[in-house]
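Residues per chain, in single letters:
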Amino acid sequence: MASCSGGREFSLASNADRNILLVTIDTLRADALGAYGGHASTPNLDALASHGARFDFAHAHAVVTLVSHASILTGRYPYEHGIRDNTGYRLRPEQPTAATLLKARGFSTAAFVGGFPLDRRFGLTPGFDVYDDRMTRAGPTGDVDERERPADVVVKSALDWINAQTGKWFTWVHVYDPHEPYQPPGEFATRFASDPYLGEVSWTDAALGPLFDRLRGLNRPTLVVVTGDHGESLGEHGERTHSLFAYEATLRVPLIVAELGKGMKDTKEAKDTKERVVETPVRHVDLLPTLLASAAAPAAEGLPGASLIDIINAGSGPDRPSYFEAMSAAVTRGWAPLRGVLVGRDKYIDLPIVELYDLAADPKEASNVVRARADRARVMVETLKQFNVAPPSRAGTETADTIERLRSLGYIGGGSATVREHYTDADDPKQLVEIDRMLTQGNDALRAGRADEAADVYKAIIAKRPDTEDAYRKLALIYWRQQRPRLAVETLEAALRAGITQSEVRIKLGQYLAESGQAEKAIELLSATAGNDPDAIMGLGNAYMLAGRNADAIRTFTRLLQIEPGNGLAWENLGTTQLQAKDVKGAETSLRRAIQIDPSLSGAYTALGVVLAQTGRRDEAIAAWKRALELDPSDENAAFNLKRVGPGTGR
Ligand SMILES: [Zn+2]
């Protein structure tokens, strides 16, 4: 594995005829990888680095998945692409991305993602011929926002697609496994029993191995870029996971650039290529310009980043400042927004209690030198001002109109519904890390099945900070699961009264109302506030369905499909409503469309079975219900129908 002495260091040239593979590994601390001196077992990534370029001081611009990936794919800072948190935002469809720009250069394009934060609903799909976001594993609490797919399954899907390509391609592979909960499979659980996070990183490396091996055998060379979207705090600064702070544990990421394929494998040249270690600061916004330059494509206009090819070939380059932020707690909980800037090895964090660190002398950010180095702090403040530091609007981009409607429905009391202009020390996340810790504690209890304990924690959080949106939603979920719908509804109504206006809260409230016999109230709430939010429109359609208002439901799902024609679930719901309305032919078309888009939709198979049975195709109906039960063994309708059609056909 060690590179031969005497070889030349890795270099990179433009080449219009190469494949491009972007691998993003979720929640990956740079210092976990072997190549970075870490203690995970990562032979595949280390081998890539040992014949490529390894950037030792690379940074993300955000510390949550969707925001960071939006920066990677668009080459823009969060305040430019507009996504500030994992929920409540969507990428503007006209925003150019690596996929749209490379597709325009003749690349076939495909994305294979492993975690719900990158679900197609968040708008990263434009430009991708294939956007494979099929999640195969329910989240540990059964919450839709925790669904994921293991790395080996993601890699297999990507390999199937790559193997079918003849022309050049751009593929983005996202693996989610190092994200909590840390549950590495098989031998990795045993080997890393004392540090399961490192076990997940090691397992992820093993899962990626076949992908790199395949590229080594291809005739066309493949540029491989591997990075993390953000790191993981693992207890540093009182934070266990990520999203709250932007210390190096979560902001610094690995970045490896290498080339695999014909002319690269087993040739003297490839073996002799030595690792190029780059200490110049680089940023995620530099990745898109690098991808374009490597493909000999013209630079995209107005991007803040710069191609890394010159830095790779020279081994170093100019120091460019980097903007970063952590806005999740600001936009969902009303805490102070965190933004900052890196200049050289200095890091400035703008919060009510400001922070300045000298990362060269103090890489763990233990000593805040903002007072000792007041002059430097002033320079950093000026540098930060070059970036757009206006506070973001709250998640869900609530218009004054929506807020007025909520008020007229009696949902909003006196609480504020926008990010404030002024914050005190009490709003600084450093002062609120206890609330964050309690949220983690509640989530842990919920996952472990201790629902009452979790509920008590969420209630305590709401008593301390009544603007903590996630506490209401989780508490309501617990009540809902305990079949206490009145309490679930009351909890979310209390959230709205406390000034929380996130669309997720309203959508959930609409769902709970509709499914607990108050469909008309749900319709009133959602029809007034859905706007063009696909999730809210879906909720409204479901409420109409439950109210038996089939024509309104069909109209609503049709409107949703005008916004999102590829929404399989919307086709399923449309088909199910058409079936209710006795439009069997229309139902069959819609349900087949749903299955074509998403073959994992068990409900579509169940409903299609009914259509088939009603039109005399008994055997096909049985096959459809059996398929539904394979996909979802808890599908009671499919089981009931199978039992009804006769003995020997059920399970
Ligand atoms: Zn992530």
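In this section: the overall build of the protein. Per the secondary structure count, the protein includes 27 helices and 13 strands. The buried share among the 651 residues of the protein stands at 52%. A fraction of 62% describes how many contacts in the protein between residues 6 or more apart in sequence connect residues 24 or more apart.

Here the focus is the domain arrangement of the protein. Here the domain parsing of the protein yields domain 1 (19–314), domain 2 (328–385), domain 3 (398–558) and domain 4 (566–651). The straight-line distance from the C-alpha centre of domain 1 to that of domain 2 is 27 Å. Of the residues that constitute the side of domain 1 that touches domain 2, the class distribution is five nonpolar, three polar and three charged.

Now for helix α15 (residues 433–447). What sets the pattern is the α-helix's 3.6 residues per turn: residues three or four places apart point alike. For α15, with 15 residues, the first-to-last C-alpha span of 21 Å sits near the 21 Å given by 1.5 Å per residue. Along α15, the residues that are buried comprise Ile435, Asp436, Leu439, Gly442, Asn443 and Leu446. Across the axial projection of α15, the buried residues extend over an arc of 115°, all falling on one side. Here the buried face of α15 lies against α16 (451–464) and α17 (469–481). The positive-phi residue at the C-terminal boundary of α15 is Gly449, with phi of around 85°.

Moving on, we get to the packing of helix α21 (residues 534–546) against helix α22 (residues 550–563). One can describe the packing of α21 onto α22 by two numbers: an axis separation of 8 Å at closest approach and a directional angle of 160°. On the basis of their axis angle, the class for α21 and α22 is roughly antiparallel. As for how α21 packs across α22, the hand of that crossing is left-handed. Of the residues in α22, those touching α21 at Pro534, Ile537, Met538, Leu540, Gly541, Tyr544 and Met545 are Asp552, Ala553, Thr556, Phe557, Arg559, Leu560 and Ile563. Its residues assigned to classes, the contact of α21 with α22 shows ten nonpolar, two polar and two charged.

This brings us to the nonpolar core. Burial of nonpolar side chains together is a common tendency in soluble globular proteins. Ranked by internal contacts, the top residues of the largest apolar core, which has 186 residues, are Val173, Val224 and Leu492. The element best represented in this core is helix α7 (residues 196–216), accounting for nine residues. Leave out the neighbours within four places in its chain, and Val173 touches Leu21, Val23, Phe112, Val154, Val155, Ala158 and Leu211.

Mapped onto the secondary structure, Val389 falls in the loop between α13 (374–385) and α14 (400–408). Separated by 51 residues in sequence, Val389 and Leu338 have C-alpha atoms that sit 9.8 Å apart. Dropping the residues within four chain positions of it, Val389 is found in contact with Arg339 and Leu384.

To continue, consider the environment of Lys168. Counting through the fold element by element, Lys168 comes out in the loop between α5 (151–163) and β5 (169–175). Excluding residues that lie within four positions of it along the chain, Lys168 makes contacts with Asp17, Arg18, Asn19, Gly106, Phe107 and Arg220.

Our next topic: the sheet that holds strand β11 (residues 338–343). Here four strands make up an open sheet; going across it, the order is β10-β11-β12-β13 and the pairing antiparallel. Strand pairing shows two members of the sheet lacking a second neighbour, β10 (322–326) and β13 (355–358), which therefore form its edges. Direction aside, neighbouring strands of the sheet carry axes that sit 20° apart on average. Relative to β11, β10 runs antiparallel, the two sharing five bridges. Note that in β11 the partner of Phe324 across the bridge is Gly340.

The next subject is the pairing of β10. In terms of residue burial, β10 counts as a mostly covered element, since five of its five residues are buried. With burial as the criterion, each face of β10 is covered, one bearing Ser322, Phe324 and Ala326 and the other bearing Tyr323 and Glu325.

Attention now moves to the packing of helix α26 (residues 618–631) against helix α27 (residues 636–645). Two elements in contact, α26 and α27, have axes separated by 9 Å at closest approach and are oriented at 145°. Where α26 crosses over α27, the handedness of that crossing is left-handed. Each of Arg618, Ile622, Trp625, Lys626, Ala628 and Leu629 in α26 lies in contact with α27, whose residues at this interface are Ala638, Ala639, Asn641, Leu642 and Val645. Along the lines of polarity and charge, the residues of the contact of α26 with α27 split into eight nonpolar, one polar and two charged.

As a further point, take the pairing of strand β6 (residues 222–228). In terms of burial, β6 is largely enclosed, as seven of its seven residues are buried. Residues Thr222, Val224, Val226 and Gly228 of β6 are buried on one face, and the alternating residues Leu223, Val225 and Thr227, pointing to the opposite face, are buried as well. Pairing between strand β1 (residues 19–25) and β6: seven bridges, direction parallel. Across the sheet, residue Asn19 finds its bridge partner in β6, namely Thr222.

What follows is about the confidence of the model for the protein. Should the pLDDT be low somewhere, the predicted coordinates at that spot are not to be read in detail. Residues at a pLDDT of 70 or more form 91% of the protein, whose mean pLDDT is 90. pLDDT under 50 marks residues 413–418. Its contacts with residues more than four places away, or in other chains, come to 13 contacts.

The next thing to look at is unusual backbone geometry. Excluding glycine, residues mostly carry a negative phi; peptide bonds, for their part, are mostly trans. Cis rather than trans, the peptide bond between Glu180 and Pro181 has omega equal to -5°. You can see Pro181 is positioned in the loop between β5 and α6 (186–191). Even without being glycine, Thr27 reaches a positive phi, approximately 60°. If you trace the backbone, Thr27 turns up in the loop between β1 and α1 (43–50). Its identity as a non-glycine residue notwithstanding, Leu234 has a phi of 50°, on the positive side.

By the secondary structure assignment, Ile309 is in helix α11 (residues 309–314). Spatially, the C-alpha atoms of Ile309 and Ser14 are 8.5 Å apart, while their sequence positions differ by 295 residues.

The rules behind the values
Residues numbered from 1 in each chain as written. Predicted model: local features only at pLDDT ≥ 70, side-chain atom pairs only at ≥ 80, totals over all residues. Helix = DSSP H or I, 4+ residues; strand = E, 2+ residues; numbered from the N terminus. Buried ≥ 20, exposed ≤ 12 C-beta atoms within 10 Å, placed from the backbone. Contact = placed C-beta atoms within 7 Å. Domains from an automatic or database assignment. Nonpolar A, V, L, I, M, F, W, Y, C, P; charged D, E, K, R; others polar. Expected span 1.5 Å × (residues − 1). Arc of directions from axis to C-beta. Axes fitted to C-alpha atoms, helices over the stretch in contact; angles between N-to-C directions. Parallel < 35°, antiparallel > 145°, perpendicular 65-115°, else oblique. Left-handed = near helix turned anticlockwise from the far one by under 90°. Core = buried A, V, L, I, M, F, W, Y, C linked by C-beta atoms within 7 Å. Pairing = 2+ DSSP bridges. pLDDT = per-residue confidence, 0-100.

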